[in-house]
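Descriptive structure summary
Listed below, chain by chain, are the residues.
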Amino acid sequence: MEFKHFSVMKSECIDALNIKPDGVYMDGTLGGAGHSIEIAKRLKKGRLIMFDLDSDAISVAKERMTRVGCKQDFIKDNFKNFKSYIDALGVKLDGVLLDLGVSSFQIDEPERGFSYMQEGKLNMAMDSDAEFTAFDVVNKYSQSELERIFFEYGEEKYGRAIASAIVKSRKINPILTTKELCDIIINAVPPKYRYSDSHPAKKAFQAIRIEVNGELVGLRECLIDMVRNGLNSGGRLAVLTFHSLEDRIVKEAFNMLASDCICDKKLPICVCKHKAEVKLITKKPLTPSEEELRQNSRSHSAKLRVIEKI
Ligand SMILES: C[S@@+](CC[C@H](N)C(=O)[O-])C[C@H]1O[C@@H](n2cnc3c(N)ncnc32)[C@H](O)[C@@H]1O
């Protein structure tokens with residue numbers, strides 16, 4: 001199995017973490033270990049705790065990480081459950097990196113069922129052992145639930161037409177593959193949309209993937225929890241996002257944590273007594289360099305936001 005993944009904004013992420021050689025760091029989204037290897041190289045007596053939902057990613061990364069020495073923990077779980085693991089290890093964190101979403105490896109493996117470009121069984125679960133997959137969303141969700149996810153998670157303006165076409169088609173036969181779903185979407189949208197720059201199934205596939213993996217559920221709470229209960233003072237949290245929904249959640253959580261007042265703007269005086277818990281290291285998100293964009297089209301939508309716990 002060849003695990004190809006071009007790590008996005010690698011040097012910017014490493015700089016953002018401001019790594020201390022004896023610190024404790026967490027990579028919540030290990031993938032092919034591109035970022036983790038760079039973090040580990042900078043840790044002498046330090047420790048790196050790595051999470052991924054995907055057991056294939058963990059085995060490939062374990063192999064790659066043997067070349068770099070530092071204390072390493074590989075955890076096959078959702079990074080949103082980080083707290084119980086750091087408590088069990090009896091550590092606090094000096095830095096956390098989250099490179100959200102899926103890896104190129106997952107997208108490029110047809111049998112993982114993420115790609116609208118290649119045929120595979122409808123799956124899209126990052127967790128290689130998950131029982132709930134894209135098949136369940138596409139074949140079991142009601143028309144209105146499908147419409148909701150296409151609008152909410154895909155910002156897909158033809159969400160209603162796509163949901164209706166899916167429901168019509170599955171009455172005849174269940175929808176089993178990415179190709180079948182893709183054809184249904186293409187036939188449901190107007191011709192001008194079919195031939196636009198972006199693939200007509202891109203947003204609907206994104207929406208289904210977000211739903212299958214619960215990607216946005218609890219993300220805000222997790223970021224806040226990381227700051228309040230995970231990081232040491234002076235510790236950094238760096239988050240790479242790839243679409244506007246995700247970026248909005250990160251931006252709003254970071255701005256809230258960095259504010260001295262979080263009262264409703266309509267109130268004439270402050271009653272919340274909130275004090276800023278973090279410094280914004282990036283006032284505006286960092287984006288990939290021209291050179292990186294030339295090398296990797298998947299970096300295009302990347303945004304990196306960084307905070308430091310006060
Ligand atoms: C964009 S890739 C990370 C690539 C990695 N930074 C590298 O340089 O190779 C995201 C990885 O994180 C995993 N992942 C995404 N969300 C996760 C979550 N909530 N918990 C654990 N792993 C997650 C995915 O399975 C995927 O392997």
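Residues numbered from 1 in each chain as written. Predicted model: local features only at pLDDT ≥ 70, side-chain atom pairs only at ≥ 80, totals over all residues.

**Re the overall build of the chain**
Looking only at helices and strands, the chain features 14 helices and seven strands. Over its C-alpha trace the chain gives a radius of gyration of 21 Å, about what one expects of a compact globule, namely 19 Å for 310 residues. For the chain, the C-alpha atoms occupy an extent of roughly 60 × 60 × 40 Å along the three principal directions. Looking at the 310 residues of the chain, the share that counts as buried comes to 41%. In the chain, the share of contacts with a sequence separation of at least 24, taken over all contacts with a separation of at least 6, comes to 65%. (Helix = DSSP H or I, 4+ residues; strand = E, 2+ residues; numbered from the N terminus. Rg over C-alpha atoms; globule rule 2.2 N^0.38 Å. Buried ≥ 20, exposed ≤ 12 C-beta atoms within 10 Å, placed from the backbone. Contact = placed C-beta atoms within 7 Å.)

**Looking at the domain arrangement of the chain**
With domains assigned, the chain is organised as domain 1 (10–24 + 34–101 + 216–281 + 297–309) and domain 2 (106–213). Tallying the contact residues gives seven residues for domain 1 and eight residues for domain 2. Taken together, the residues that form the side of domain 1 that touches domain 2 break down as three nonpolar, two polar and two charged. (Domains from an automatic or database assignment. Nonpolar A, V, L, I, M, F, W, Y, C, P; charged D, E, K, R; others polar.)

**With respect to the site of the ligand**
In the vicinity of the ligand there are 22 residues, among which Ser-7, Thr-29, Gly-31, Gly-32 and Gly-34 approach most closely. Split into classes, the residues belonging to the shell around the ligand amount to seven nonpolar, 11 polar and four charged. (Near = placed C-beta within 6 Å.)

**Description of helix H3 (residues 55–65)**
For H3, the set of buried residues is Ala-57, Ile-58, Val-60 and Ala-61. Looking at the packing, one finds that the buried side of H3 touches helix H2 (34–41), strand E2 (47–51) and strand E3 (71–75).

**Points about the sheet that holds strand E6 (residues 278–280)**
Paired through their backbone hydrogen bonds, the strands of a sheet run either parallel or antiparallel. Ordered in space as E3-E2-E1-E4-E5-E7-E6, the seven strands form an open sheet in which the pairing is mixed. Only two strands of the sheet have a single partner each, and these edge strands are E3 and E6. Adjacent strand axes in the sheet meet at a mean angle of 15 degrees, parallel and antiparallel pairs treated alike. Across six bridges, the pairing between strand E4 (residues 93–99) and strand E5 (residues 231–241) is parallel. Bridge pairing in E5 links Val-96 to Leu-237. (Pairing = 2+ DSSP bridges. Axes fitted to C-alpha atoms, helices over the stretch in contact; angles between N-to-C directions.)

**A word on the nonpolar core**
Formed by 48 residues in total, the largest nonpolar core has its most connected members in Tyr-25, Leu-237, Ala-238 and Leu-240. Leu-146, Ile-149, Ala-201 and Ile-210 belong to the second largest nonpolar core, which has 31 residues in total. (Core = buried A, V, L, I, M, F, W, Y, C linked by C-beta atoms within 7 Å.)

**Remarks on the environment of Phe-151**
Along the chain, Phe-151 falls in helix H7 (residues 143–154). A residue is classified by how many C-beta atoms lie within 10 Å of it, and Phe-151, with 16 of them, is partly exposed. Residues Phe-151 and Lys-203, spaced 52 residues apart in sequence, show a C-alpha to C-alpha distance of 9.3 Å. Those residues within four positions of Phe-151 in sequence are excluded, and the remaining contacts are Glu-156 and Gly-159.

**Some words on unusual backbone geometry**
The phi dihedral of Ala-33 falls on the positive side, at around 70 degrees, and the residue is not glycine. The class of Ala-33 is buried, set by 28 C-beta atoms lying within 10 Å. Its identity as a non-glycine residue notwithstanding, Glu-155 has a phi of 45 degrees, on the positive side. You can see Glu-155 is positioned in the loop between H7 and helix H8 (159–172). Given 14 C-beta atoms within 10 Å, Glu-155 falls into the partly exposed group.

**Here we look at the pairing of E2**
Taking burial as the measure, the five residues of E2 include four buried ones, the bulk of the element. For strand E1 (residues 24–27) and E2, the ladder comprises four bridges, and the chain directions are parallel. Counted as the bridge partner of Tyr-25 is Leu-48 from E2. In terms of strand pairing, E2 meets E3 through five bridges, oriented parallel. Looking across to E3, one finds that Ile-49 is bridged to Asp-73. With H3 bridging E2 and its parallel neighbour E3, the resulting β-α-β unit is right-handed. (Right-handed = clockwise from strand over helix to strand, strands pointing away.)

**Quick word on the packing of H7 against helix H11 (residues 202–213)**
Relative orientation of the contacting elements H7 and H11 amounts to 100 degrees, with a least axis distance of 8 Å. Classified by the angle between their axes, H7 and H11 sit roughly perpendicular to one another. For the pair formed by H7 and H11, the contact residues are Ile-149, Phe-150, Tyr-153 and Gly-154 on the first element and Lys-203, Ala-204, Gln-206, Ala-207, Ile-208, Ile-210 and Glu-211 on the second. A breakdown of the residues in the contact of H7 with H11 according to their chemical character gives seven nonpolar, two polar and two charged. (Parallel < 35°, antiparallel > 145°, perpendicular 65-115°, else oblique.)

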